[in-house]
Structure formats: C-alpha cells, structure tokens
Amino acid sequence: RSHYGRMTTRESEKAIAILRQAVQRYPDYGPAHSLLAFALLVSGHVGWIPESNDYRYAAELANRALELDDHDPWAHLAFGYLAFTHRQTDESVREYKRALDLNPNFAIAYGYLGWALVFDGQSEEAIRYFQQALRMSPHDPLKAFFYSGASVAHYYAHRYDEAIEWGNKAILERPGFTAAHRILCASLAQAGKTKQAG
C-alpha cells in the first residue's frame, strides 16, 4: 500500500508486483486479492497499465476476495470499482456502502461512492461524499481523484465556476491527471472562459 499510495506508474507497478507475489504465495489470503484487484482496476482505468491486460484477472480477484472474506472492506471497494467500470451504478453504490458499513472511517470508499453517484446523476449527494472523503483524509494520495469528481459533479449541476475551482485543485495535486484536464477544459468552455483553456 505504501508503494501504491505514491500514485505514479512506477510505484503502482511495484505495488502490483508485490501483490501478485502475495496472491501466489498465500492463495487464501483475502486482503492480497482485494488490494491487487483494486490496484489493477485503478491502474488500468487511469492508464498506468494497459487496461485490457489484467481486467479479467482483476474481476476474478475481486470475486475471490469476497469469497474469502465478505467482511473485508477492500474486497467490497474492489467489487464496487469493478461494477463501476461496467456502468452498473446501483451495484457499485451498494458495494461502496457495504465497505462503509464495515469500516465507517474508510475515506477512499466515500470518494469512490461520490464518483458512482456523479454518474447516477446525483451531483449534490456526490459532492457530500467527496467532501467527507477529503475531511477524513486531507492528505490522501487519491485526493486528486476526489477533487476531479467534485469538479464533474459541479459541472453536471451547471455550476461551472465551482467546477473550474475543483478541476484546478485536482491538477495542482496531480498535474499529469488527464481526466482533471478534460473536466477543467469543458468547464472553462461552458463558463465562456476558453482563453484560459490554453
């Protein structure tokens, strides 16, 4: 987790390599399965690794993690992310909420629940979850994702100045985060500030 928390391609690859070894050596250890599933899914989604390479394996790992330990919040986080990538929003929300039932202090789950709600058209609720994630873990390595999610939520609510503010925060935190640049450009365009998009 310390490698993965640095949120770079190189550190993500290191974390995935270690987790692959853990799964091979300890095939009945649920947390290794859930963390590897989550790391593969997120790394593929943000482009650190080719998404197609390990997607099916990540799905197998997420399912196996739940079989091994249904009380592991990371297993539900991984399964929720898997559902999210399949556009199964209701299932994704259920899994994230289950993770929070198991660990109410699980800041990452609040953030990803926010993302699921954004894509379900529930911008106001999503913003509350992003804010909760950031309050609980203000130095979280994933906070650029939560800033970006808040930007998307404000964009969908037609509050483009707020979307610009959150998009800028995401980029300041992670300059190479492409999704943050996209939502910032879209927000600037909607706000009539296209000169700032250059």
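This write-up is about the structure you can find in this document. (Residues numbered from 1 in each chain as written. Predicted model: local features only at pLDDT ≥ 70, side-chain atom pairs only at ≥ 80, totals over all residues. Heavy atoms only, no water.)

Turning to the packing of helix 6 (residues 107-118) against helix 7 (residues 123-136), a few remarks are in order. In contact at an axis separation of 8 Å, helix 6 and helix 7 are set at 160 degrees when each is read in the N-to-C sense. Comparing their axes, helix 7 and helix 6 come out roughly antiparallel. The two elements helix 6 and helix 7 meet at a crossing, and its hand is left-handed. Residues A107, Y110, G111, L113, G114, W115, L117 and V118 of helix 6 form the contact with helix 7, whose own contacting residues are E125, A126, Y129, F130, Q132, A133 and M136. Looking at the contact of helix 6 with helix 7 residue by residue, the classes come out as 11 nonpolar, three polar and one charged. (Axes fitted to C-alpha atoms, helices over the stretch in contact; angles between N-to-C directions. Helix = DSSP H or I, 4+ residues; strand = E, 2+ residues; numbered from the N terminus. Parallel < 35°, antiparallel > 145°, perpendicular 65-115°, else oblique. Left-handed = near helix turned anticlockwise from the far one by under 90°. Contact = heavy atoms within 4.5 Å. Nonpolar A, V, L, I, M, F, W, Y, C, P; charged D, E, K, R; others polar.)

Moving on, we get to the packing of aromatic side chains. Here the structure, examined in full by the defined rule, presents 17 aromatic pairs. Taken together, a centroid distance of 5.7 Å and an interplanar angle of 65 degrees make the contact between F84 and F119 edge-to-face. Note that F84 is positioned in helix 4 (residues 73-85) and F119 in the loop between helix 6 and helix 7, a separation of 35 residues in sequence. Assessed through its relative accessible area of 10%, F84 is described here as buried. Judged by its relative accessible area of 43%, F119 is partly exposed. When the ring centre of W166 is taken as reference, the NZ or CZ atom of K169 above it lies at 4.1 Å. (Phe/Tyr/Trp six-rings, centres within 6.5 Å; stacked < 30°, edge-to-face > 60°. Buried < 20%, exposed > 50% of the residue type's maximum accessible area, 1.4 Å probe, protein only. Lys NZ or Arg CZ within 6 Å of the ring centre and 35° of its normal.)

Between its first and last C-alpha atoms helix 5 (residues 89-102) spans 20 Å; for 14 residues at 1.5 Å apiece the expected length is 20 Å, and the two agree. Listed in full, the buried residues belonging to helix 5 are T89, S92, V93, E95, Y96, A99 and L100. The buried residues of helix 5 all sit within an arc of 165 degrees when viewed along its axis, so they share a single face. Counted as exposed and oriented over 90 degrees from the buried face of helix 5: D90, R94 and D101. (Expected span 1.5 Å × (residues − 1). Arc of directions from axis to C-beta.)

Below, the discussion takes up unusual backbone geometry. Glycine aside, residues mostly have negative phi, and peptide bonds are mostly found in the trans state. In this model, R87 sits at a positive phi of 65 degrees, which is unusual for a non-glycine residue. Looking at the secondary structure, you find R87 in the loop between helix 4 and helix 5. Positioned with a positive phi, H158 is a non-glycine residue whose angle comes to about 65 degrees. Examined against the element boundaries, H158 turns out to sit in the loop between helix 8 (143-156) and helix 9 (160-173).

Mapped onto the fold, L68 is located in helix 3 (residues 51-68). Here L68 falls in the partly exposed class, since its relative accessible area comes to 25%. Counting along the chain gives 41 residues from L68 to P27, while the straight-line C-alpha distance between them is 9.6 Å.

Another aspect to go through is helix 6. With 12 residues, helix 6 should cover 16 Å at 1.5 Å per step; its first-to-last C-alpha distance of 17 Å lies within 8% of that length. Here helix 6 has its buried residues at A107, I108, A109, Y110, G111, Y112, L113, G114, W115, A116, L117 and V118.

Here the focus is the pattern of salt bridges. All told, the structure shown has nine salt bridges when counted by the stated rule. A salt bridge links D28 to R64; the shortest N-O distance between them is 2.8 Å. Here R64 lies in helix 3 and D28 lies in the loop between helix 1 (9-25) and helix 2 (30-46), a separation of 36 residues in the sequence. Judged by its relative accessible area of 59%, D28 falls in the exposed class. The partly exposed category is assigned to R64, whose relative accessible area is 29%. Across the pair K143 and E173 runs a salt bridge, and its minimum N-O distance is 3.7 Å. (Salt bridge = Lys/Arg side-chain N within 4 Å of Asp/Glu carboxyl O.)

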